[in-house]
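# Summary of structural features
The residues making up each chain are set out below.
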Amino acid sequence: MKKRSLSPFAYYAANRAFPVFLLLLLLLGFTACSAEKGAKALDYPAMFGETKNEVLAALDAENLTYKEDDLYANAYVLDRTETLENRDFSVHLLFDLNTDTLYGYRRVLFVENPTDADCKLPEKLLNTLTAQYGEPTTYPGLENRISTHLDRLSTDAVGSGEVYNEYWSVSENCDASLGVSFLPDGRLFVDIVCQTPRT
């Protein structure tokens, strides 16, 4: 039987098609892995109202390690951080003292010997959170709003004990806040809280 040979065009197409086919397989595999990773991310506000046992079981299921919090009562701090504006914030899950249910989560940052760039971080976070949640719903008459004291976000305030805040009403089940404190010991303290509306 006479052996059939490929035409030059068919040979060229076959050689070109195979690498493209392999590339498509790799892309599909990467997309599937990415989707799987995304599905494992925990949505803490969606878990508000769940019991401590349910929340900790969900953390265990995702192999997220945690320990009892030294900073806040009836809270747990995760062993992983969350990066915002290129800073690593610790993540704290807050449980109601009476019902033992999750009511909020807090992202916390302490900065030793803050520079002017560090002191401007709250302004960047204010812009980021406003883009995410809309205009703040802070009471207009509040004297220590971040947005009306941007000039104080500098090393001039380090060690002063000054505290500034901003608030957002995100949904029926979630309020958010941004706080900055120039601690008397010279550290800068920044925290972002998402929690069920407290009455």
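This section reports on the structure supplied with the text. (Residues numbered from 1 in each chain as written. Predicted model: local features only at pLDDT ≥ 70, side-chain atom pairs only at ≥ 80, totals over all residues. Heavy atoms only, no water.)

### Focus on the overall build of the protein
- Within the protein one finds four helices and seven strands.
- In sequence order, the secondary structure elements of the protein are arranged as α-α-β-β-β-β-α-α-β-β-β.
- Taking all 199 residues of the protein together, the buried fraction comes to 37%.
- Nonlocal contacts in the protein, meaning residues at least 24 apart in sequence, comprise 47% of its contacts between residues at least 6 apart.
- Surface accessibility of the protein: about 12500 Å² in total, with carbon and sulfur atoms responsible for 54%. (Helix = DSSP H or I, 4+ residues; strand = E, 2+ residues; numbered from the N terminus. Buried < 20%, exposed > 50% of the residue type's maximum accessible area, 1.4 Å probe, protein only. Contact = heavy atoms within 4.5 Å. Areas by Shrake-Rupley, 256 points an atom, 1.4 Å probe, with all protein chains shown as cover.)

### Remarks on the pairing of strand β4 (residues 102–111)
- A large share of β4 lies buried, amounting to nine of its ten residues.
- As defined by bridge partners, strand β3 (residues 87–95) adjoins β4 across six bridges and the pair is classed as antiparallel. Following the sheet pairing, Val91 is matched in β4 by Arg107.
- Hairpin remark: β3 followed by β4, antiparallel, with six residues in the connecting loop; positive phi at Asp100, about 60 degrees.
- Examined bridge by bridge, β4 and strand β7 (residues 188–195) share eight bridges and lie antiparallel to one another. What sits directly across from Arg107, in β7, is Ile192. (Pairing = 2+ DSSP bridges.)

### Here we look at the environment of Gln132
- When you line up the elements, Gln132 lands in helix α4 (residues 121–133).
- You can call Gln132 exposed: its relative accessible area is 53%.

### Quick notes on the environment of Asp175
- Among the structural elements, Asp175 can be located in strand β6 (residues 174–182).
- Aside from chain neighbours lying at most four places away, what touches Asp175 is Trp168, Ser169, Val170, Val193, Cys194, Gln195 and Pro197.

### As for the sheet that holds β3
- Taken in spatial order, the seven strands of this open sheet run β1-β2-β3-β4-β7-β6-β5, and their pairing is antiparallel. Edge positions in the sheet fall to β1 (66–68) and β5 (163–171), since each of these pairs with one other strand and no more. Looking at each pair of strands side by side, their axes are set apart by 25 degrees on average, direction ignored.
- The strands touched by helix α2 (residues 52–61) within the sheet are β1, β2 (75–84), β3 and β4, with β3 carrying the most contacts at an inclination of about 145 degrees. (Axes fitted to C-alpha atoms, helices over the stretch in contact; angles between N-to-C directions.)

### Topic: the pairing of β3
- Taken together, the seven bridges between β2 and β3 define a ladder with antiparallel strand orientation. Among the inter-strand pairings, Leu84 is bridged to a residue of β3, identified as Arg87.
- Joining the antiparallel neighbours β2 and β3 is a turn of two residues, in which Glu85 adopts a positive phi near 50 degrees.

### Let's talk about the pattern of salt bridges
- A full pass over the atoms with the stated rule returns seven salt bridges.
- Close ionic contact of Lys52 with Asp100 constitutes a salt bridge, the shortest N to O distance being 3.5 Å. Pair noted here: Lys52 is in helix α2 and Asp100 is in the loop between β3 and β4, with a separation of 48 residues, a long-range link.
- The class for Asp100 is partly exposed, based on a relative accessible area of 32%.
- Of the charged contacts in the structure, one is a salt bridge between Asp118 and Arg87, with a shortest N-O distance of 2.8 Å. On the criterion of sequence distance, the pair formed by Asp118 in helix α3 (residues 116–119) and Arg87 in strand β3 is long-range, its members being 31 residues apart. (Salt bridge = Lys/Arg side-chain N within 4 Å of Asp/Glu carboxyl O.)

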